[in-house]
Amino acid sequence: MKVYRFLTGPDDASFCHKVTLALNRGWELHGSPSYAYNAEAKLMQCGQAVVKDVPGKEYAPDIKLSEQ
């Protein structure tokens, strides 16, 4: 099974730590990062897609992707 997640967060070190944690848990970067202004919160936000192959499992809508 291949799983996909889109990580988001504020433009600060916490976002980098979130992506670093995913990479260290076997996720791989997928595509380019995104960077956008959130007018409601009045701050810049980052986003990065990550993917991971999980052999021997079948996809189900109720799985927790972050725990794979």
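Look above for the structure.
So, here's what we can say about the structure.

Calculation rules
- Residues numbered from 1 in each chain as written.
- Predicted model: local features only at pLDDT ≥ 70, side-chain atom pairs only at ≥ 80, totals over all residues.
- Heavy atoms only, no water.
- Helix = DSSP H or I, 4+ residues; strand = E, 2+ residues; numbered from the N terminus.
- Polar contact = N/O pair within 3.5 Å; in protein donor to acceptor, adjacent residues only side chain to side chain.
- Contact = heavy atoms within 4.5 Å.
- Buried < 20%, exposed > 50% of the residue type's maximum accessible area, 1.4 Å probe, protein only.
- Phe/Tyr/Trp six-rings, centres within 6.5 Å; stacked < 30°, edge-to-face > 60°.
- Lys NZ or Arg CZ within 6 Å of the ring centre and 35° of its normal.

1. A short note on the side chain of Gln-48
Next, step 1: Examined against the element boundaries, Gln-48 turns out to sit in strand β3 (residues 43-53).
Next, step 2: Among the polar contacts listed, one links the side chain of Gln-48 to the backbone oxygen of His-30, at a separation of 3.4 Å.
Next, step 3: Side-chain polar atoms of Gln-48 contact the backbone oxygen of Gly-31, separated by 3.2 Å.
Next, step 4: Dropping the residues within four chain positions of it, Gln-48 is found in contact with Arg-5, Phe-6, Leu-7, Phe-15, Val-19, Leu-29, His-30, Gly-31, Ser-32 and Pro-33.

2. Description of unusual backbone geometry
Next, step 1: The backbone of Lys-42 sits at a positive phi, close to 60 degrees, despite the residue not being glycine.
Next, step 2: Along the chain, Lys-42 turns up in the loop between β2 (28-38) and β3.
Next, step 3: Under the relative-accessibility criterion, Lys-42 is labelled exposed at 65%.

3. Details of the packing of aromatic side chains
Aromatic ring pairs are defined here through the distance separating the ring centres and the angle between the ring planes.
Next, step 1: Evaluated as defined, the whole model comprises zero aromatic pairs.
Next, step 2: The aromatic ring of Trp-27 is capped on one face by Arg-5, whose charged end is 5.1 Å from the ring centroid.

4. With respect to the side chain of Lys-52
Next, step 1: Positionally, Lys-52 belongs in strand β3.
Next, step 2: A polar side-chain atom of Lys-52 sits 2.6 Å from the main-chain carbonyl oxygen of Gln-68.
Next, step 3: Beyond its immediate stretch of four places on either side in the chain, Lys-52 contacts Met-1, Lys-2, Val-3, Arg-25, Gly-26, Trp-27 and Gln-68.

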